Amino acid sequence: TQSFCLGALSASQFALSDELGFLFHMMRASAGSCCQPRNFHRALKQSREASALHLVDVVDVEGSLLSKAPLWSTICKFVPFLLEQLRREAREAKLAAARSREEADARRAKQREMEMLTGAAGGAEGGKASLDAMVARQFAARLAAEAEKAEAAAARAGADAAAREES
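Throughout, a residue's number is its position along its own chain's written sequence, starting from 1. Where local features are concerned, this predicted model is filtered to residues with pLDDT of at least 70; where side-chain atom pairs are given and counted, the filter is 80 or more; whole-chain, interface and lining totals use all residues. Water and hydrogen atoms play no part in the side-chain values, which are based on all heavy atoms of the structure.

**Some words on the packing of helix 2 (residues 16–30) against helix 3 (residues 38–45)**
Here's step 1: Helix axes are fitted to C-alpha atoms over the stretch in contact, other axes to C-alpha atoms as well, and angles between N-to-C directions run from 0 to 180 degrees. Secondary structure follows DSSP: runs of H or I at least 4 residues long count as helices, runs of E at least 2 residues long count as strands, and numbering of each begins at the N terminus. Contact pair helix 2 / helix 3: the axes reach a minimum separation of 8 Å and the direction vectors enclose 165°. Classified by the interaxial angle, the pair formed by helix 2 and helix 3 is roughly antiparallel. Helix 3 is crossed by helix 2, and the crossing has left-handed handedness. Taking contact as the criterion, the partners of Leu 16, Glu 19, Leu 20 and Phe 22 in helix 2 are, on helix 3, Asn 39, Phe 40, Arg 42, Ala 43 and Leu 44.
Here's step 2: Residue composition of the contact of helix 2 with helix 3, by class: six nonpolar, one polar and two charged. In what follows, roughly perpendicular refers to angles from 65 to 115 degrees, roughly parallel to angles under 35, roughly antiparallel to angles over 145, and oblique to any angle outside these ranges. Crossing chirality is assigned from the near helix's rotation relative to the far helix, an anticlockwise turn below a right angle marking it left-handed and a clockwise turn marking it right-handed. Two residues qualify as a contact provided that any one of their heavy atoms is within 4.5 Å of a heavy atom in the partner residue. Just so you know the grouping, Ala, Val, Leu, Ile, Met, Phe, Trp, Tyr, Cys and Pro go in nonpolar, Asp, Glu, Lys and Arg go in charged, and all remaining residues, Gly too, go in polar.

Structure (structure tokens):
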């Protein structure tokens with residue numbers, strides 16, 4: 001868990017794995033002195049699930065319990081919550097990485113296709129492109145731009161559908 005959190009960096013602003021990784025880093029760097037988990041606490045406050053389980057603001061600044069539930073009960077709810085949240089963020093990161101690889105592969109394939117199209121048109125003597133080659137390059141570039149727009153729209157639709165599924 002610690003190695004995942006230290007290596008994690010998500011696009012979300014309030015990812016518990018990112019903040020937990022930062023907290024682990026600060027604890028290592030502090031060499032035994034106190035660390036304040038303010039960022040982690042802020043990320044925890046943003047979670048609806050943590051609020052529903054009453055995991056946020058259980059104790060005050062002086063360490064006195066604010067809730068009527070015993071502290072051990074809160075700890076027993078916190079551990080499964082944190083593990084589930086980390087599992088969810090790891091799954092989302094894995095899907096995002098796969099999507100990114102697929103997009104990069106698609107861009108490379110389009111680039112090769114465009115190079116093949118423009119290379120097939122041939123060039124005139126002296127390395128200058130003929131009119132046919134220039135038209136072929138423009139057409140290939142226009143096709144690639146349209147395909148990128150379509151892929152971006154499909155990716156946004158997929159992300160919106162995934163967000164609705166988790167809600």
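**Considerations on the pattern of salt bridges**
Pairs may arise between side chains of opposite charge once their charged atoms sit close together.
Here's step 1: By definition here, a salt bridge exists when the distance from a side-chain nitrogen of Lys or Arg to a carboxyl oxygen of Asp or Glu is within 4 Å. Tallying each qualifying case throughout the model produces five salt bridges.
Here's step 2: For Arg 87, the salt bridge is made with Glu 84, and the minimal N-O distance between the two is 2.6 Å. In this pair, Arg 87 and Glu 84 are both assigned in helix 5 (residues 71–121), three residues apart and thus about one turn of the helix distant.
Here's step 3: In this structure, the salt-bridge partner of Asp 105 is Arg 108, at a minimum N-O distance of 2.2 Å. One end of the pair, Asp 105, and the other, Arg 108, are both in helix 5, three residues apart, so they sit about a helical turn from each other.
Here's step 4: Assessed through its relative accessible area of 46%, Arg 108 is described here as partly exposed.
Here's step 5: Through salt bridges with shared partners, a single network forms among Glu 49, Glu 84, Arg 87 and Arg 88. Three labels apply to residues, based on accessible area from a 1.4 Å probe with only protein chains included: buried if under 20% of the type maximum, exposed if over 50%, partly exposed otherwise in between.

**Describing the environment of Cys 35**
Here's step 1: Its location among the elements puts Cys 35 in the loop between helix 2 and helix 3.
Here's step 2: For the pair Cys 35 and Phe 24, spaced 11 residues apart in the sequence, the C-alpha separation amounts to 9.6 Å.
Here's step 3: What Cys 35 contacts, discounting residues up to four positions off in sequence, is Leu 23, Met 26, Met 27 and Ser 30.

**With respect to helix 3**
Here's step 1: Restricting attention to buried positions, one finds in helix 3 the residues Phe 40, Ala 43 and Leu 44. Down the axis, helix 3 shows its buried residues gathered within 100° of arc, on one side only. Taking the helix axis as origin, the arc is that swept by the directions to the C-beta atoms.

**Looking at the packing of aromatic side chains**
Here's step 1: What counts as a ring pair is set by centres within 6.5 Å for rings of Phe, Tyr and Trp (its six-membered ring), and what kind of pair is set by the plane angle: stacked under 30 degrees, edge-to-face over 60, tilted for all other angles. In this structure the tally under the stated criterion is one aromatic pair.
Here's step 2: Measuring from ring centre to ring centre gives 6.5 Å for Phe 78 and Phe 81, while their planes differ by 45°; the resulting arrangement is tilted. In this pair, Phe 78 and Phe 81 are both assigned in helix 5, three residues apart and thus about one turn of the helix distant.
Here's step 3: Looking at Phe 81, the relative accessible area reads 8%, which means it is buried.

**Considerations on a nonpolar patch on the surface**
Here's step 1: Two distance rules govern patches: like charges are joined within 9 Å, and nonpolar side chains (Val, Leu, Ile, Met, Phe, Trp, Tyr) within 5 Å, applied only to residues with over 30% relative accessible area and no salt bridge. Residue exposure ignores everything except the shown protein chains as possible cover, and the areas themselves are Shrake-Rupley values with a 1.4 Å probe. A grouping of Leu 71, Ile 75, Val 79 and Leu 83 is seen on the molecular surface, where their side chains present a nonpolar patch of about 350 Å² in accessible area.
Here's step 2: Tracing the sequence through the fold places Val 79 in helix 5.

**Let's talk about the confidence of the model for the protein chain**
Low pLDDT marks stretches whose predicted atomic positions should not be read closely.
Here's step 1: Per-residue confidence for the protein chain averages 78 on the pLDDT scale, and 79% of its residues sit at or above 70.
Here's step 2: Confidence of the prediction at every residue is given by pLDDT, a number between 0 and 100. Taken as a whole, residues 121–125 scores under 50 in pLDDT and shows 11 contacts with residues more than four places along the chain or in a different chain.

**Looking at the nonpolar core**
Here's step 1: Within the largest apolar cluster, 13 residues are counted, with the highest numbers of intra-cluster contacts made by Leu 16, Leu 20, Phe 40, Leu 44, Ala 50, Phe 81 and Leu 82.
Here's step 2: If you tally residues by element for this core, the top one is helix 2, at four residues. For this analysis, a nonpolar core means a set of buried residues of the types Ala, Val, Leu, Ile, Met, Phe, Trp, Tyr and Cys, connected via side-chain atoms within 4.5 Å.

**Observations regarding helix 2**
Here's step 1: Helix span, as expected, comes to 1.5 Å for every residue beyond the first. Across its 15 residues, helix 2 extends 21 Å between first and last C-alpha, which sits within 8% of the 21 Å expected from 1.5 Å per residue.
Here's step 2: All of the buried residues in helix 2 are Leu 16, Ser 17, Asp 18, Glu 19, Leu 20, Gly 21, Leu 23, Phe 24 and Ser 30.
Here's step 3: Trailing helix 2 by a residue or two, Ala 31 shows a phi angle of about 55°, which is positive.

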